[in-house]
Amino acid sequence: MYRPDDESAVMALWRDAFPDPAPWNEPRSVIAKKLATQPDLFFVAVSEGAVVGTAMGGFDGHRGWLYTVAVRPDLRRLGIGTALVRHVEAALETLGCSKVNLQVLASNASVVAFYARLGYAVEERVSMGKRLAS
Ligand SMILES: CC(C)(COP(=O)(O)OP(=O)(O)OC[C@H]1O[C@@H](n2cnc3c(N)ncnc32)[C@H](O)[C@@H]1OP(=O)(O)O)[C@@H](O)C(=O)NCCC(=O)NCCS
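What you see is a predicted model; the values in this text were computed from it and never measured.

**Student:** Could you give me a rundown of the overall build of the protein chain, with the residues and numbers involved?
**Tutor:** Counting its regular elements, the protein chain contains four helices and four strands. Reading the helices (α) and strands (β) of the protein chain from amino to carboxyl end gives α-α-β-β-β-α-β-α. In the protein chain, which comprises 134 residues, the share counted as buried stands at 23%. Contacts in the protein chain between residues at least 24 apart in sequence constitute 53% of all its contacts with a sequence separation of at least 6.

In structure tokens form, the structure reads like this:
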């Protein structure tokens, strides 16, 4: 589970994993908003006292969502990302969630193999979104 002391380490990890975020994905604000809404679904992986990975879940009573899955570059391909996703899935299941969705940026297509290995399938959907004032 994320703790307030983890903020700077998480921000550093995301700066590397998610470079050039859109203004609404500015890490400090993403963290603050998550702490205000379902903070129990914000997980960090810790190794030797250091934050080495993150994953967030969200559940709206109908679907679960997976966000900000990231692992420190020097520790990738060791199963940490898998463990984080499994952890979010288990937490979502506990809440009664029966389906998890996620989105991958078209520019990040290589990560599709990671999720496919974990049982996720590419679904024929048109993803739409709209920014609200807040
Ligand atoms: C995606 C990410 C979280 C994976 O974390 P990880 O700890 O390396 O993942 P795992 O070690 O659990 O990988 C499990 C399997 O997924 C597949 N996989 C993982 N990364 C992959 C990649 N870059 N390309 C192809 N397959 C990959 C492999 O089959 C791997 O098993 P293997 O190492 O035995 O071959 C990590 O690469 C990352 O932080 N990327 C940058 C952030 C990002 O793009 N996040 C996703 C946003 S949608």
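**Student:** Please give an account of the environment of Leu132 that cites residues and values.
**Tutor:** You can see Leu132 is positioned in the segment after helix H4 (112–117). Through-space distance from the C-alpha of Leu132 to that of Gly61 is 21 Å; in sequence the pair is 71 residues apart.

**Student:** Can you tell me about the pairing of strand E1 (residues 42–47), naming the residues and giving the values?
**Tutor:** In the sheet, E1 pairs with strand E2 (residues 50–59) via six bridges, with the strands oriented antiparallel. Each bridged residue has a counterpart across the sheet, and for Phe42 the counterpart in E2 is Met56. Once E1 ends, the chain turns through two residues before running back antiparallel as E2, passing Glu48 with a positive phi of about 50 degrees.

**Student:** Describe the site of the ligand, and please don't skip the residues or the numbers.
**Tutor:** In the vicinity of the ligand, 18 residues are found, and the nearest of them are Arg76, Gly81, Thr82, Ala113 and Phe114. For the shell around the ligand, the secondary structure elements donating two or more residues are strand E3 (64–71), helix H3 (80–94) and H4. Looking at the shell around the ligand, its residues break down into ten nonpolar, five polar and three charged.

**Student:** How would you explain the sheet that holds E3 if you had to name every residue and give the values?
**Tutor:** Taken in spatial order, the four strands line up as E1-E2-E3-E4 in an open sheet, and their pairing is mixed. One side of each edge strand has no neighbouring strand; the edge strands of this open sheet are E1 and strand E4 (100–101). Where E2 and E3 come together, six bridges link them in antiparallel fashion. Counterpart to Gly58 in the pairing with E3 is Trp65. On top of the sheet, H3 reaches E1, E2, E3 and E4; it is set at about 35 degrees to E2, its chief contact.

Basis of the calculations
Residues numbered from 1 in each chain as written. Predicted model: local features only at pLDDT ≥ 70, side-chain atom pairs only at ≥ 80, totals over all residues. Helix = DSSP H or I, 4+ residues; strand = E, 2+ residues; numbered from the N terminus. Buried ≥ 20, exposed ≤ 12 C-beta atoms within 10 Å, placed from the backbone. Contact = placed C-beta atoms within 7 Å. Pairing = 2+ DSSP bridges. Near = placed C-beta within 6 Å. Nonpolar A, V, L, I, M, F, W, Y, C, P; charged D, E, K, R; others polar. Axes fitted to C-alpha atoms, helices over the stretch in contact; angles between N-to-C directions.

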